[in-house]
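Single-letter residue listing:
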Amino acid sequence: MAVTATHIWYYFICKREVWLLSRGIAADQEDENLDLGRFIDRNTYQKNKKEIVAGNIKVDRVRKEGEEVVVGEVKKSSRFKESSRYQLLFYLDSLRQMGIEARGELLFPQEKKREKVEWTEEKKKELDKVVEDIRKIAKKPVPPAPKKINFCKKCAYREYCWAEG
Ligand code: SF4
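Residues numbered from 1 in each chain as written. Predicted model: local features only at pLDDT ≥ 70, side-chain atom pairs only at ≥ 80, totals over all residues. Heavy atoms only, no water.

**Brief notes about the site of the ligand**
- Close contacts around the ligand come from Cys14, Glu17, Pro146, Lys147, Phe151, Cys152, Cys155, Arg158, Cys161 and Trp162, and that covers them all.
- Of all the cavities here, the one that holds the ligand is the largest cavity.
- The residue inventory of the shell around the ligand, partitioned by class, reads 7 nonpolar, no polar and 3 charged. (Near = heavy atom within 4 Å. 1 Å grid on protein atoms, 1.4 Å probe; cavity = no way out; pocket = protein on both sides within 12 Å on 5 of 7 lines; lining within 4 Å. Sits in = over half its atoms within 2 Å of the grid points. Nonpolar A, V, L, I, M, F, W, Y, C, P; charged D, E, K, R; others polar.)

**Some thoughts on helix 5 (residues 121-139)**
- In a regular helix each residue adds 1.5 Å, so 19 residues correspond to 27 Å; helix 5 covers 27 Å between its end C-alpha atoms and thus fits that length.
- For helix 5, the full list of buried residues reads Lys124, Leu127, Val130, Val131, Ile134, Ile137 and Ala138. One side of helix 5 holds all its buried residues, which, seen down the axis, span an arc of 140°. In helix 5, those exposed residues whose orientation departs by more than 90 degrees from the buried face are Glu121, Glu122, Lys125, Lys129 and Lys139.
- Buried residues belonging to helix 5 abut helix 1 (5-11), helix 2 (15-22) and helix 4 (81-97). (Helix = DSSP H or I, 4+ residues; strand = E, 2+ residues; numbered from the N terminus. Expected span 1.5 Å × (residues − 1). Buried < 20%, exposed > 50% of the residue type's maximum accessible area, 1.4 Å probe, protein only. Arc of directions from axis to C-beta. Contact = heavy atoms within 4.5 Å.)

**Some details on the pattern of salt bridges**
- As enumerated under the stated definition, the model contains 16 salt bridges in all.
- A salt bridge links Lys81 to Glu115; the shortest N-O distance between them is 3.4 Å. Of this pair, Lys81 sits in helix 4 while Glu115 is found in strand 6 (residues 113-117), placing the two residues 34 residues apart along the sequence.
- The salt bridge involving Arg114 is made with Glu105; its shortest N-O contact spans 3.3 Å.
- Residue classification places Arg114 among the exposed residues on the basis of a relative accessible area of 58%. (Salt bridge = Lys/Arg side-chain N within 4 Å of Asp/Glu carboxyl O.)

Note that every value here comes from positions in space, so none of it alone points to a role or purpose.
So this is what it looks like as structure tokens:
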């Protein structure tokens, strides 16, 4: 299975959602969060957005600082920081596989925060573990049990987990 940035994003939010996504299970057709990409986009700051597409990844902005390539991901809030960090690391790793060495920057303009994300051998090992775990989750015959979290309220799959809504 091809692990994507969307799987990485949800891995740190809900493993059950990763399973449902991996099986291509359709979310509630009426749900406003149906388009999962839209949820990620809504958590991404839209102002002056200049997306750059490289292979199957889409990054918010790229700039050069001397010889260094800097990939910036602009987020609305740091609420899903772990997802944001690993998503950016996934982008840096994908770029590396294309022969582009870059460092990353997470930007939270509304909170006036900035965080560096760097590709290192150690971080790469962590990312590989996450990717491997996503593959394991996807292979399971049944999804992980639902766990009630704040995110469930916004989740397009909530009917699968909490039939009472
Ligand atoms: S409703 Fe909650 S438990 Fe179910 S998939 Fe969504 S986030 Fe996960």
